[in-house]
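Structural overview
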Amino acid sequence: NLVGGDLQPVLKGREGHSAVVHEGRYIYFFGGYARGTDAEQFGEAQWMNDLFVLDTQAITSNTANTAAWEFITLPNGSPAPREGHVAVVVEHKMFIFGGFGDGENFQDLHAFDMRLREWESLTPNGIAPPARGSGAAISILGSSILLVGGCDFQRKRKCYNDVHMLDVKSVM
């Protein structure tokens, strides 16, 4: 059994972050918002755009106690700091849409290539969903992302019951 502090480096406590699984063993954690006790320990409360990966095989077969978070350092191109975004894996890319942070709702789409370890900002054709956070998304039909609901926190919490689908092959 692992306790959060057992893995190094110790991550900032956070909420509104995303987690996706790739190849059945790698868990990628992106962004979120830190506040409260952990934020006080690490500095002021803040929105984040950090990216970490954890190899779960190192946990399940760990005899040398080597399981650890790997911080993925990216020189540029990362999405703006945020929480409440959706994250979905299609093939070898993690797609991030929306979210909110520092008084702004996001309507942007980004992809992190897990092979190349690079971010790219994407502009799909068609009408983009309105800016939102706290929605839900899944990968369906092998190459599509289905986005459902979410709220625009800039408009007195206007919540949506809409559904949007993106064929990521059109932007890959």
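This text goes with the structure placed above it.
Bear in mind the structure is a predicted one, so any value in this text is a computation, not a measurement.

**Focus: the pairing of strand S2 (residues 26-34)**
Buried residues dominate S2, accounting for 8 of its 9 residues. Pairing between strand S1 (residues 18-22) and S2: 5 bridges, direction antiparallel. Looking at the pairing, Ser18 lines up with Phe30 of S2. Note: S2 against strand S3 (residues 46-55), 8 bridges, orientation antiparallel. Of the residues in S3, the one forming a bridge with Phe29 is Phe52.

**What to know about the sheet that holds strand S12 (residues 144-152)**
As summarised here, the arrangement of the 3 strands in space is S11-S12-S13, forming an open sheet in which the pairing is antiparallel. Two strands bound the open sheet, and with one partner strand each, they are strand S11 (136-140) and strand S13 (158-167). Taken pair by pair, the neighbouring strands of this sheet meet at an average axis angle of 10 degrees, ignoring direction. Note: S11 against S12, 5 bridges, orientation antiparallel. Across the sheet, residue Ser139 finds its bridge partner in S12, namely Ile145.

**Quick notes on the nonpolar core**
Residues Tyr28, Leu51, Ile72, Met94, Phe112 and Trp119 are the most contacted members of the largest nonpolar core, which totals 14 residues. At the level of secondary structure, the elements contributing two or more residues to this core comprise S2, S3, strand S5 (86-90) and strand S6 (93-97). Not counting chain neighbours up to four residues away, the residues in contact with Phe112 comprise Tyr28, Leu51, Ile72, Leu74, His92, Lys93, Met94, Arg117, Glu118 and Trp119. Counting 13 residues, the second largest nonpolar core, distinct from the first, contains Phe97, Leu109, Leu122 and Leu166.

The rules behind the values
Residues numbered from 1 in each chain as written. Predicted model: local features only at pLDDT ≥ 70, side-chain atom pairs only at ≥ 80, totals over all residues. Heavy atoms only, no water. Buried < 20%, exposed > 50% of the residue type's maximum accessible area, 1.4 Å probe, protein only. Helix = DSSP H or I, 4+ residues; strand = E, 2+ residues; numbered from the N terminus. Pairing = 2+ DSSP bridges. Axes fitted to C-alpha atoms, helices over the stretch in contact; angles between N-to-C directions. Core = buried A, V, L, I, M, F, W, Y, C linked by side-chain atoms within 4.5 Å. Contact = heavy atoms within 4.5 Å.

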